[in-house]
Amino acid sequence: MKGPSAVGATPEARLSNRHGSRDQNEGSKGKMATLQITLPDGATREVPSGTTAAEIAQQISPRLAKEALVARADGELIDLSRPLDHDVKLAILTSKDPDAVQVLRHSAAHLLAAAVIDLYPDVKLGVGPPIETGFFYEFLRDQPFTPEDLEKIEAKMHEIAAKDVPNERKLIPKAEALDLYRRSNQQFKCELVEEKAIEPMVSFYTTGKFIDFCRGPHIPSTGRIKAFKLMNVAGAYWKGHEGNPQMQRIYAACFVDQKELDEYLHKLEEAKRRDHRRLGKELGLFTVNDLVGAGLPLWLPKGATIRRLLEEYILEKERQADYEHVYTPDLAKVDLYVRSGHWAHYHEDMFPPMDLETEQLVLRPMNCPHHILVYQSKKRSYRDLPVRIAELGTMYRYERSGVLSGLSRVRVMTLNDAHIFCTPEQIKDEFARVMRLVEQAYRDLGITQYSYRLSLRDKVNVGKYIANDEMWDLAERMLREAMDSLHLPYTEAPGEAAFYGPKLDIQLADVMGHQETYSTIQIDFHLPNQFDLGYVGADGQEHRPVMIHRGVISTMERMVSYLIELYAGAFPVWLAPVQASVLPVSGKFEEYAKNVAQQLKDAGVRVHLDDRNEKLQAKIRDAQLEKIPYMLIIGGKEAEAGTVSVRHRFKGDLGPRPLEQFIADLQQEITTKAIDQPPPAEFGSEKAAAGTKAK
Ligand SMILES: [Zn+2]
Ligand SMILES: [Zn+2]
């Protein structure tokens, strides 16, 4: 559909003409062309050529004009002040649009540079893009920026913002642009103009005295930039190449309003408070030792207790769900992985093989091939199916050193793994059973916020995957049908599939809203073929089973790291490494305190007796710091009456109770897996909530 102005012009001609055509129109006075503007609701408007998006916003409503940050014309972001010269689909964007927020952040980066140039005129400018939660700008300067400098810069930014300085676009001939930067000694900018300016005229933006080679677009003026905070300075080589000059990047958080910024800063604080690496150390859960190696954590007694409880929990749930548990070795001959396809498709994530005299062994990156051989260890009939083989399988992945982190990204991990071998008709039912297991486990662990993601193959980068379109389509269809029959909503993620098939991932978000896969279900037609798996059907013929890979509570490493952060180290009673601490007020009551501790221990409670020669207040403080659920205070009255004075880590003093009653109550709390703290609001981030289960 061409508008009047487009008559006789091909789209290409209009495109290449875009910036020059206004002058042509002005040249033919009186015959000003009319443009047809199509708005997002489908409504159209006729406006003279040269009208700006800002003017159209004003026509729509003064309020929209006030809130507008930038416009989208035929999918491309443009300045509100850019004159329109051809028919377009036009959207006026406010801070409700994520792209517009990124433009705001980009403009804020210019504001930062404007402030820095004003205060430190000798700095050399690098680049300054928006980032996910704000922006950075990089500078070359002999002295490091100090926290005091950042304060000054931030104040200057507010000063310029308050003046509502316009961001203006200028087109400058390339030679002039280079000259301008040469004269102001901006070597990096010269480099960028040389490399990036491909047209004779170069786009620049000015904010007061500050001028920047920039494609834009930008918001109209600095007045809208209010909610930002300079966070930190980080070193970065120019263009990321070692050997290049070291730039100082000033990072900032920036949001559309103060409320959003405050929420973000609060989340950051919470993330620090809950950081599993810090808490793991403080609470004595795990440690990483350089002599052992990065990504190879050592589980300390308290962390090991939590892990063992999780393991026992999930093994029991699986036993109830008719899984059969096996033990298989952590390594195997390379040949096994050649057969499975791991060698061809997963090689880079595996450790190099060990050369022995007659064979090559390699640490396993997944447990699937071993379980396949367990299935094959005897002849199977349709009456045996489904066969559910489970193992807390330890596996090894060559994660690059840069990504290793605490327990969440490691090189050795133990997965709550299982492989279900079934007929195609049984897939849907098995899928639903796995989902029920996941939901029950999450409920018992107190995990309430999660979302479903259908992870598909990347259709462009197909080399990563087994080539068999028919198989992929079938597995994908079965996953969709299984999800739909459970009425579960999901998002789709191309490029996240396993190399042998698509999968359904269950995603948990951390405090900052970053998602990771914890549970997964995969339908696999590939490996059964590779290993020529079979079962004898009711017809007496040999048939091929389907394989379902599934992990319910992820790896022990990843789940414990998640739980540490979810509970900020204060585990629910059933998982707490120490459930009760007995605190005698003085040595006089040691005998009774020992007796209390012994009775608790006999009842299966994990108890600690704090018989240090310390004041009661100090003992209480330390038990609180260790986040022990119950403190039992023992003094004269208690010893005499056979009671304990109960103090709860969150609820404080609960008063005296007969010991037997306390034990009975505690056991009740343990068996019901009660959660004694409300789920933290931070874990209900919008990102996680968006995909969260509807019912
Ligand atoms: Zn820019
Ligand atoms: Zn598997």
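Computed from a predicted model, the values in this text were never measured in an experiment.

Of the protein atoms, only His 106 (NE2), His 110 (NE2) and Cys 214 (SG) coordinate the zinc ion (ligand 1), at distances of 2.1 to 2.4 Å. We note that the donor set of the zinc ion (ligand 1) lies within a single chain, spaced as H-x3-H-x103-C. With His 106 in helix 5 (residues 98-119) and Cys 214 in the loop between strand 11 (210-213) and strand 12 (227-237), the pair connects residues that are 108 residues apart, well separated along the chain. As far as burial versus exposure is concerned, His 106 and Cys 214 are alike and both buried.

This paragraph deals with the coordination of the zinc ion (ligand 2). Geometrically, a metal with four donors at the corners of a regular tetrahedron has ideal angles of 109.5 degrees, and one with six donors at the corners of a regular octahedron has ideal angles of 90 or 180 degrees. All of the protein donors around the zinc ion (ligand 2) are Cys 368 (SG), His 419 (NE2) and His 549 (ND1); their distances to the metal are 2.0 to 2.3 Å. Overall, the relative accessible area of 0% leaves His 419 in the buried class.

A separate point is the pattern of salt bridges. One pass over the structure, following the stated rule, counts 48 salt bridges. Where Glu 557 meets Arg 307, a salt bridge forms, and the shortest distance between an N and an O atom there is 3.6 Å. Residue Glu 557 is found in helix 18 (residues 556-566), and its partner Arg 307 is found in helix 11 (residues 301-320); the two are separated by 250 residues along the sequence. Its relative accessible area of 3% is what places Glu 557 among the buried residues. Two residues, Arg 657 and Asp 665, come together in a salt bridge whose shortest N-O distance is 3.0 Å.

Now for the sheet that holds strand 17 (residues 331-333). The sheet built from three strands is open, its strands ordered 17-19-18 with antiparallel pairing. With one partner strand each, in any of the chains shown, strand 17 and strand 18 (354-355) form the two edges of the open sheet. Across two bridges, the pairing between strand 18 and strand 19 (residues 360-363) is antiparallel. In the sheet register, Met 354 faces strand 19, and the bridge partner there is Leu 361.

Moving on, we come to the nonpolar core. If you look at the biggest cluster of nonpolar residues, it comprises 89 residues, and the most contacted ones within it are Ile 447, Met 559 and Leu 563. When residues of this core are assigned to their parent elements, the largest contribution, nine residues, is made by helix 15 (residues 427-445). In this view, Leu 563 contacts Leu 310, Leu 445, Ile 447, Phe 571 and Leu 575; residues no more than four positions away in its chain are not counted. Counting 36 residues, the second-largest nonpolar core is a separate cluster that includes Leu 93, Ala 108, Ala 161 and Val 165.

Within the fold, Ser 107 resides in helix 5. Note on Ser 107: relative accessible area 2%, which makes it buried. When neighbours within four sequence positions are excluded, Ser 107 is seen to be in contact with Asn 167, His 218, Ile 219 and Ile 225.

To continue, consider the environment of Ile 306. Along the chain, Ile 306 turns up in helix 11. Distance from Ile 306 to Ala 576, taken between C-alpha atoms, is 6.9 Å for residues 270 residues apart in sequence. Beyond its immediate sequence surroundings of up to four residues, Ile 306 is in contact with Leu 285, Val 560, Phe 571, Leu 575 and Pro 577.

It is worth spelling out the sheet that holds strand 2 (residues 44-48) at this point. Pairing is mixed across the open sheet formed by five strands, whose spatial order is 2-1-5-3-4. Taken across any chain shown, the strands that pair with only one partner, and hence form the sheet edges, are strand 2 and strand 4 (76-78). Looking at each pair of strands side by side, their axes are set apart by 35 degrees on average, direction ignored. The pairing of strand 1 (residues 34-38) with strand 5 (residues 88-93) spans two bridges and is parallel.

Right, let's get into the packing of helix 11 against helix 18. Their axes nearest at 10 Å, the elements helix 11 and helix 18 cross at an angle of 115 degrees. On the basis of the axis angle, helix 11 is roughly perpendicular to helix 18. Two packed elements cross with a definite hand, and for helix 11 against helix 18 that hand is right-handed. Along its contact with helix 11, which presents Ile 306, Arg 307, Leu 310 and Glu 311, the element helix 18 presents Met 556, Glu 557, Met 559, Val 560 and Leu 563. Grouping the amino acids of the contact of helix 11 with helix 18 by side-chain chemistry returns six nonpolar, no polar and three charged.

Attention shifts here to helix 22 (residues 659-671). Helix length check: helix 22, at 13 residues, gives a terminal C-alpha distance of 18 Å against a target of 18 Å (1.5 Å per residue), a fit within 8%. Within the sequence span of helix 22, burial applies to Leu 659, Phe 662, Ile 663, Leu 666 and Glu 669. End-on, the buried residues of helix 22 take up no more than an arc of 125 degrees, which puts them together on one face. Of the exposed residues in helix 22, the ones pointing more than 90 degrees away from its buried face are Glu 660 and Thr 671. Buried positions along helix 22 lie against helix 19 (590-602), strand 31 (630-634), strand 32 (643-648) and strand 33 (652-658). Residue Lys 673 follows helix 22 closely and has a positive phi angle near 55 degrees.

This brings us to helix 5. Taking 1.5 Å of rise per residue, 22 residues should cover 32 Å, and helix 5 covers 32 Å from first to last C-alpha, within 8% of that figure. Counting buried positions along helix 5 yields 16 of 22 residues, so the element is predominantly enclosed. With a side-chain oxygen lying 2.7 Å from the backbone nitrogen of Asp 99, the N-terminal cap of helix 5 falls on Asp 97.

Another aspect to go through is the packing of helix 19 against helix 22. Running from N to C, helix 19 and helix 22 point in directions that differ by 35 degrees, and their axes come no closer than 11 Å. In the packing of helix 19 onto helix 22, the handedness of the crossing is right-handed. Counting all contacts with helix 19, which are made through Val 596, Gln 599 and Leu 600, the residues of helix 22 involved are Leu 659, Phe 662 and Ile 663. Here the contact of helix 19 with helix 22 is composed, by residue class, of five nonpolar, one polar and no charged.

What follows concerns the pairing of strand 19. Bridge count for strand 17 against strand 19 is three bridges, and the pairing is antiparallel. Looking at strand 19, one finds that Lys 333 is bridged to Leu 361. Between strand 18 and strand 19, which pair antiparallel one after the other, the connecting turn spans four residues.

The rules we used
- Residues numbered from 1 in each chain as written.
- Chains lettered and ligands numbered in written order.
- Predicted model: local features only at pLDDT ≥ 70, side-chain atom pairs only at ≥ 80, totals over all residues.
- Heavy atoms only, no water.
- Donors = N, O, S within 2.8 Å, 3.2 Å for Na, K, Ca; no water.
- Helix = DSSP H or I, 4+ residues; strand = E, 2+ residues; numbered from the N terminus.
- Buried < 20%, exposed > 50% of the residue type's maximum accessible area, 1.4 Å probe, protein only.
- Salt bridge = Lys/Arg side-chain N within 4 Å of Asp/Glu carboxyl O.
- Pairing = 2+ DSSP bridges.
- Core = buried A, V, L, I, M, F, W, Y, C linked by side-chain atoms within 4.5 Å.
- Contact = heavy atoms within 4.5 Å.
- Axes fitted to C-alpha atoms, helices over the stretch in contact; angles between N-to-C directions.
- Parallel < 35°, antiparallel > 145°, perpendicular 65-115°, else oblique.
- Left-handed = near helix turned anticlockwise from the far one by under 90°.
- Nonpolar A, V, L, I, M, F, W, Y, C, P; charged D, E, K, R; others polar.
- Expected span 1.5 Å × (residues − 1).
- Arc of directions from axis to C-beta.
- Polar contact = N/O pair within 3.5 Å; in protein donor to acceptor, adjacent residues only side chain to side chain.

From the geometry alone we can't say anything about function, so treat these as descriptive.
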